[in-house]
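The primary structure of each chain is shown beneath.
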Amino acid sequence: MRLSRIIMALTVGLAVVAVPTAAGAAQPQPPAPGVTTDPPQPPPYTPQPTLTVSRPAINLGQTVVLTGLGFGATERVNIVVTVRPLAAPAANQAPARRSDGTTVAMAPVAYQAAAPLTFSAYTDGNGKFVRNYKPSVTGLLTFTATGADSRRVATTQLRVDDPVQPPPLPVTGDSLGTPMKVGGGLVGAGAVLLLLTFAWRRRQRFMGSH
């Protein structure tokens with residue numbers, strides 16, 4: 001009986017000692033120095049830059065407003081303009097016509113000029129810039145804006161038309177043949193009528209003398 005009590009007392013004592021040890025083992029241990037346990041954070045969201053023009057199409061001599069958003073704060077933005085000629089004939093321009101009724105489309109000479117242009121703009125603290133631009137050539141203009149520091153890029157396009165249309169160019173060949181033929185026929189008919197008039201007058205004089 002006494003032995004059973006001794007064994008029970010030892011068992012209870014061991015259980016009491018083991019409880020704090022298990023509780024301490026269950027508690028989280030502090031991280032080692034220089035080691036972080038926080039999950040990796042995603043990089044901050046950076047909006048894509050945009051570049052827009054106030055009007056999609058203008059006539060040569062007019063001015064548009066370029067607006068850039070989403071570039072670096074207080075940085076220089078370099079803008080390159082490339083020009084693509086407009087191959088289609090301009091509106092309200094009458095094409096040259098041949099004598100057989102077919103037409104020849106004439107492309108205005110002004111649309112053949114195509115040269116890249118460069119200029120700069122400066123952003124404010126929010127990465128925005130506004131700049132006026134007056135094209136000096138006609139065609140389809142593509143603006144490419146690149147931030148000097150952020151290297152962010154945005155593009156937009158603008159169509160520039162020529163309001164003064166050049167006159168249709170002459171077409172050689174059959175287009176000149178028909179007017180020349182008609183003119184020659186009229187000259188020949190006039191000569192025949194003139195000869196008939198002289199002959200009629202001579203006949204009248206001859207009959208009057210008899």
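See above for the structure.
For the structure given in this document, a descriptive report is provided here. Nothing here was measured: the structure is a model prediction, and the numbers come from that model.

1. Section: the overall build of the protein chain
Secondary structure assignment for the protein chain yields two helices and 10 strands. Within the protein chain, the fraction of its 210 residues that count as buried is 22%. Across the protein chain, the fraction of contacts at a sequence separation of at least 24, relative to all contacts at a separation of at least 6, is 70%. As displayed, the protein chain has an accessible area near 15,200 Å², and 63% of this comes from carbon and sulfur atoms.

2. A short note on the nonpolar core
Ranked by internal contacts, the top residues of the largest apolar core, which has 21 residues, are Ile79, Phe119, Phe129, Tyr133, Leu141, Phe143 and Leu158. With four residues, the single largest contributor to this core is strand β4 (residues 76-84).

3. Concerning the pattern of salt bridges
Considering all chains together, one arrives at one salt bridge under this definition. With its nearest N and O atoms 3.0 Å apart, the salt bridge here joins Arg159 to Asp161. You can call Arg159 partly exposed: its relative accessible area is 38%.

4. What to know about the packing of aromatic side chains
Considering all chains together, one arrives at three aromatic pairs under this definition. Ring plane angle 55 degrees and centroid distance 5.7 Å describe the contact between Phe71 and Phe129, whose orientation is recorded as tilted. With Phe71 in the loop between β3 (64-69) and β4 and Phe129 in strand β8 (residues 129-133), this residue pair connects regions lying 58 residues apart in the sequence. Considering the side-chain rings of Phe119 and Tyr133, the 4.9 Å spacing of their centres and the 20 degrees angle between planes classify their relative orientation as stacked. Pair noted here: Phe119 is in strand β7 (residues 117-122) and Tyr133 is in strand β8, with a separation of 14 residues, a long-range link.

5. Looking at the sheet that holds strand β2 (residues 57-59)
In spatial order, the strands read β2-β10-β9-β4-β7; together these five strands make up an open sheet with mixed pairing. The sheet is open, and its two edges are formed by β2 and β7, each paired on a single side. Here the average twist between neighbouring strands, direction ignored, is 30 degrees. Where β4 lies against β7, six bridges are found, and the strand directions are antiparallel. Across the sheet, the residue bridging to Val77 is Ala121, located in β7.

6. A few points about the sheet that holds β3
The strands making up a sheet associate through hydrogen bonds between their backbones, and the pairing can be parallel or antiparallel. The strand order across the open sheet built from three strands is β1-β3-β8, with neighbouring strands paired in antiparallel fashion. Lying at the two open borders of the sheet, with one neighbouring strand each, are β1 (50-53) and β8. The mean inter-strand angle of the sheet, taken between neighbouring strand axes irrespective of direction, is 20 degrees. In the sheet, β1 pairs with β3 via four bridges, with the strands oriented antiparallel.

7. As for a nonpolar patch on the surface
A cluster of nonpolar residues, Leu194, Leu195 and Phe198, forms a patch on the protein surface that exposes about 310 Å² of accessible area. Among the structural elements, Leu194 can be located in helix α2 (residues 174-209).

8. A closer look at unusual backbone geometry
Of note, the phi angle at Thr74 is positive, near 45 degrees, even though the residue is not glycine. Within the fold, Thr74 resides in the loop between β3 and β4. For Thr74, a relative accessible area of 60% gives the class exposed. Here Arg151, not a glycine, exhibits a phi torsion of approximately 60 degrees, which is positive. Position of Arg151 among the secondary structure elements: in the loop between β9 (139-147) and β10 (153-161).

9. Looking at the environment of Phe71
The class of Phe71 is buried, set by a relative accessible area of 3%. When near neighbours in sequence (up to four residues on either side) are disregarded, Phe71 contacts Pro49, Thr50, Val77, Thr123, Asn126, Gly127, Phe129, Ala145, Gly147, Arg152 and Ala154.

10. Re the side chain of Thr123
Secondary-structure assignment places Thr123 in the loop between β7 and β8. From its side chain, Thr123 meets the backbone nitrogen of Glu75 in a polar contact 2.9 Å long. If we skip the residues at most four places from it in the chain, Thr123 touches Phe71, Gly72, Ala73, Thr74, Glu75, Val77, Lys128 and Phe129.

Cut-offs applied
- Residues numbered from 1 in each chain as written.
- Predicted model: local features only at pLDDT ≥ 70, side-chain atom pairs only at ≥ 80, totals over all residues.
- Heavy atoms only, no water.
- Helix = DSSP H or I, 4+ residues; strand = E, 2+ residues; numbered from the N terminus.
- Buried < 20%, exposed > 50% of the residue type's maximum accessible area, 1.4 Å probe, protein only.
- Contact = heavy atoms within 4.5 Å.
- Areas by Shrake-Rupley, 256 points an atom, 1.4 Å probe, with all protein chains shown as cover.
- Core = buried A, V, L, I, M, F, W, Y, C linked by side-chain atoms within 4.5 Å.
- Salt bridge = Lys/Arg side-chain N within 4 Å of Asp/Glu carboxyl O.
- Phe/Tyr/Trp six-rings, centres within 6.5 Å; stacked < 30°, edge-to-face > 60°.
- Pairing = 2+ DSSP bridges.
- Axes fitted to C-alpha atoms, helices over the stretch in contact; angles between N-to-C directions.
- Patch = residues over 30% accessible without salt bridge, like charges linked within 9 Å, V, L, I, M, F, W, Y side chains within 5 Å.
- Polar contact = N/O pair within 3.5 Å; in protein donor to acceptor, adjacent residues only side chain to side chain.

By themselves, these observations are geometric and do not establish any function.
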